[in-house]
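Here's the letter readout for the chains.
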Amino acid sequence: MVARAVSGEPTATAALLAEVRPGVVRYCRARLGPVGGGYTTADDISQDVCVAVLRALPRYRDQGVPFSAFVYGIAARKIADAQRSAVRRLTVPVDGVLDPADPAPGPEQAAIAADQARRLARLLTALPETQREILVLRVAVGLSAAEVGRTLDMSPVAVRVAQSRALSKLRTLAGRALSGASSS
Amino acid sequence: MKIRNQGRFPEGRSFEGSADEAAQTRDDAFLDAVTAGTADPGDPLAGALIAWRSTLDTPAPGARRTVPRGRSLATIIAAALGGLVVLGGGLTAAAADAGPTSPLWSITRVVYPERADSRSAELAAQRLLDEAKTAYAERRLSDAADLLRQAEAYLPRVTDDAARDRLTGEITDLRHALS
């Protein structure tokens, strides 16, 4: 399908974009987080990523990299652009800047889950970039360790080592924070 | 254009103090279980990761813009499809405003779903409006009024301001003629 899309076949291109879009949306949401209680900004960026993938598609064959690396490399650059823009405009939170608590949480279970998610997003910002990127690709996008390795140009062993260290650090950092969130 | 590992993810350095292989295997399986939704939610970290992942799948009503900031939609689509136009040969710049009959319509639906929905609604409203005009010309006034109501029902989905204004004007004119 990738080859047919690269050759400019509209049906294959549409199918390919439809296949990658959900992962791109989750990646952008994971990296940028909610802004103003929603994912409008992240979803706008994910749309930009899809357009950028579409534009760059004809060049894919010459790059000799896995398609996931092609897609998420573009996504990472778009995220970086958005963060730089946010810093300039000071209107969009970037990594390390936390969203305020939701003033009007929904049902109790949803509120607990949202609180857990917020706490985790906060903890992720404390991880080194490599470890955070690996967890985003592993958990948010749903890639396997091997796929993450191909995407980030790391060996599978290096990915497993890094993700183990990330989980270890998260468990250490989380401590009572996550336990309290889950038992409240 | 090199994308991967542009210094963002250095791999050459050693992983001092790394977890043992058994722990790495266990953690890898743990992450697989989280993404599969089969991890023990009683584990605080698993619960948090599952909650985090689930929030990323939450629909965000009205989240996506239909017109990209700072550039016209037509410009964006035309630029985006530029490569395809060259490689595809038969594809033309007219695809920048692709409709359901365009070979690029399937791409528009994926990349700009809201735009595609608006365009579909616009075309449906126009078709019904044309039928209403025909019915009016043939003095089938009841049919014309009914078709006009059906056309109007599509207007809320038309997010293109110019198209919606044009359709609203035509619908208003025909309603006045019918009254």
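The model shown is predicted, which means the values in this text are computed figures rather than measured ones.

**Some thoughts on the overall build of chain B**
Check the secondary structure of chain B and you find eight helices and zero strands. Listing the helices and strands of chain B from first to last along the sequence gives α-α-α-α-α-α-α-α. For chain B, contacts bridging at least 24 residues in sequence account for 40% of all contacts bridging at least 6. Taken as a whole, chain B presents about 9400 Å² of accessible surface, with 54% of it coming from carbon and sulfur.

**As for the packing of aromatic side chains**
Under the defined criterion, the tally for this structure stands at four aromatic pairs over all chains. Ring centres of A:Tyr60 and A:Phe67 lie 5.2 Å apart, and the angle between their planes is 85°; on these two criteria the pair is classed as edge-to-face. On the basis of relative accessible area, A:Phe67 is assigned to the buried category, the value being 13%. Within the aromatic cluster, the residues linked to one another by ring pairs are A:Tyr60, A:Phe67 and A:Phe70. A cation sits over an aromatic face here: A:Arg171 above B:Phe30, 4.9 Å from the ring centre. Lying across the ring of B:Tyr136, B:Arg139 places its NZ or CZ 5.2 Å from the centre.

**Structural notes on helix H1 (residues 21-36) of chain B**
All names here are of chain B. Helix length check: H1, at 16 residues, gives a terminal C-alpha distance of 22 Å against a target of 22 Å (1.5 Å per residue), a fit within 8%. Every buried residue of H1 is listed here: Ala23, Gln24, Asp27, Asp28, Phe30, Leu31, Ala33 and Val34. Once H1 finishes, Gly37 follows within two positions and takes phi at roughly 80°, a positive value.

**Focus on the packing of helix H2 (residues 10-32) of chain A against helix H3 (residues 40-56) of chain A**
Residues and elements named next belong to chain A. Relative orientation of the contacting elements H2 and H3 amounts to 140°, with a least axis distance of 8 Å. Put simply, H2 runs oblique to H3. In the crossing of H2 with H3, the sense of the turn from one axis to the other is right-handed. Along its contact with H2, which presents Thr13, Leu17, Arg21, Val24, Val25, Cys28, Arg29 and Leu32, the element H3 presents Ala42, Asp43, Ile45, Ser46, Val49, Cys50, Val53 and Leu54. Looking at the contact of H2 with H3 residue by residue, the classes come out as eleven nonpolar, two polar and three charged.

**Quick look at unusual backbone geometry**
Within the chain, A:Asp153 stands out as a residue other than glycine whose phi angle is a positive 60°. With a phi close to 65°, B:Arg139 is a non-glycine residue in the positive phi region. Of note, B:Arg139 is situated in the loop between helix H6 (113-137) and helix H7 (141-153). Residue B:Arg139 is classed as exposed on the basis of its relative accessible area of 54%.

**So, the nonpolar core**
Judged by nonpolar contacts, the single largest core of 75 residues is most densely connected at A:Tyr27, A:Phe67, A:Phe70, A:Tyr72, B:Leu49 and B:Trp52. Other than its neighbours up to four places away in sequence, A:Tyr72 contacts A:Val20, A:Gly23, A:Val24, A:Tyr27, A:Leu137, A:Val141, A:Leu143 and A:Thr151. Ranked by size, the runner-up nonpolar core spans 16 residues in total, among them B:Ala125, B:Ala163, B:Ile171 and B:Leu174.

**Considering the confidence of the model for chain A**
For chain A, the average pLDDT comes to 79, and 80% of its residues sit at 70 or higher. When the criterion is pLDDT under 50, residues 91-105 of chain A qualifies, and its contacts beyond four places in sequence or with other chains add up to 22 contacts.

**Points about the state of the cysteines**
All names here are of chain A. Summed over all chains, the structure comprises zero disulfides over all chains. Cysteine Cys28 shares no disulfide, and the gap to the nearest cysteine sulfur, in Cys50, comes to 8.2 Å. Judged by its relative accessible area of 0%, Cys28 falls in the buried class. Here Cys50 falls in the buried class, since its relative accessible area comes to 1%.

**Side note on the confidence of the model for chain B**
On average, residues of chain B score 75 in pLDDT, and 66% of them are at 70 or above. A low-confidence stretch, residues 61-74 of chain B (pLDDT under 50), is modelled with 24 contacts involving residues beyond four sequence positions or located in other chains.

**Quick word on the packing of helix H7 (residues 129-141) of chain A against H1(B)**
In a packed pair of helices, the relevant descriptors are the angle between the two axes and the axis-to-axis distance. Interaxial distance between H7(A) and H1(B) falls to 8 Å at its minimum, and their mutual angle equals 45°. The pairing of H7(A) with H1(B) is recorded here as oblique in orientation. Packed against H7(A), whose contacting residues are A:Leu135, A:Arg138 and A:Val139, the element H1(B) presents B:Asp28, B:Leu31, B:Asp32, B:Val34 and B:Thr35 at the interface. Looking at the contact of H7(A) with H1(B), its residues break down into four nonpolar, one polar and three charged.

**Topic: the pattern of salt bridges**
Residue and element names in this part refer to chain B. By the definition in use, this model includes 18 salt bridges over all chains. Across the pair Arg149 and Asp146 runs a salt bridge, and its minimum N-O distance is 3.7 Å. Of the two residues, Arg149 and Asp146 both sit in helix H7, three residues apart, roughly one turn of that helix. With a relative accessible area of 35%, Asp146 lands in the partly exposed category. Three or more residues are tied together by salt bridges with common partners; here these are Arg119, Glu122, Lys133, Arg166 and Glu170.

**What to know about helix H8 (residues 161-178) of chain B**
Residue and element names in this part refer to chain B. Between its first and last C-alpha, H8 extends 25 Å over 18 residues, near the 26 Å set by a 1.5 Å rise per residue. The complete set of buried residues in H8 reads Ala163, Leu167, Ile171 and Leu174. Summarising the axial view, the buried residues of H8 lie within an arc of 65°, below the 170-degree limit, and thus occupy one face. Turned more than 90 degrees off the buried face of H8, the exposed positions are Ala162, Asp165, Asp173 and His176. On its buried side, H8 packs onto H6 and H7. Where H8 begins, the capping side chain belongs to Asp160, and its oxygen is found 3.2 Å from the backbone nitrogen of Ala162.

Cut-off values and rules
Position labels on residues start from 1 in each chain and follow its written sequence. Lettering for chains starts from A, numbering for ligands starts from 1, and both go in the order in which the items are written. At least 70 in pLDDT is required for a residue's local features to be given in this predicted model, at least 80 for side-chain atom pairs to be given and counted, and no such filter applies to totals for whole chains, interfaces and linings, which use all residues. Side-chain measures were taken over the full set of non-hydrogen atoms in the model, leaving aside hydrogen atoms and water. The helix count covers DSSP runs of H or I at least four residues long, the strand count covers runs of E at least two residues long, and both are numbered beginning at the N terminus. Should any heavy atoms of two residues lie within 4.5 Å, those residues are counted as being in contact. Throughout, the Shrake-Rupley method with a 1.4 Å probe supplies accessible areas, and for residues the shown protein chains are the sole cover considered. Ring pairs shown here join Phe, Tyr and Trp side chains whose ring centres sit within 6.5 Å, with only the six-membered ring taken for Trp; geometry is labelled stacked below 30 degrees between planes, edge-to-face above 60, and tilted in between. Think of it in three bands: residues with accessible area under 20% of the maximum for their type are buried, residues over 50% are exposed, and the middle band is partly exposed, with areas taken using a 1.4 Å probe on protein chains only. Note on criteria: charge over ring means Lys NZ or Arg CZ within 6 Å of the ring centre, with the direction from the centre no more than 35 degrees off the ring normal. To estimate how far a helix should reach, multiply one less than its number of residues by 1.5 Å. Lines fitted to the C-alpha atoms define the axes, with helices restricted to the stretch that makes contact. Angles between their N-to-C directions range from 0 to 180 degrees. What sets the label is the angle itself: under 35 degrees gives roughly parallel, over 145 gives roughly antiparallel, 65 to 115 gives roughly perpendicular, and the rest give oblique. Each crossing is labelled by how the near helix is turned from the far one, with a counterclockwise turn of less than a right angle marking it left-handed and a clockwise turn marking it right-handed. Residue polarity follows a fixed list, in which Ala, Val, Leu, Ile, Met, Phe, Trp, Tyr, Cys and Pro are nonpolar, Asp, Glu, Lys and Arg are charged, and the others, Gly among them, are polar. Here, nonpolar core means buried Ala, Val, Leu, Ile, Met, Phe, Trp, Tyr and Cys residues that are tied together by side-chain atoms lying within 4.5 Å of each other. Confidence of the predictor at the level of single residues is given by pLDDT, which spans 0 to 100. Note on disulfides: each one is a pair of cysteine sulfur atoms within 2.5 Å. The term salt bridge refers to a pairing of a side-chain nitrogen on Lys or Arg with a carboxyl oxygen on Asp or Glu at a separation within 4 Å. What the arc measures is the spread of directions leading from the helix axis to the C-beta atoms. Distance and chemistry together define a polar contact, namely a pair of N or O atoms within 3.5 Å, with one atom able to donate a hydrogen and the other to accept it when in protein, and with adjacent residues in sequence counting only for side-chain atoms on both sides.

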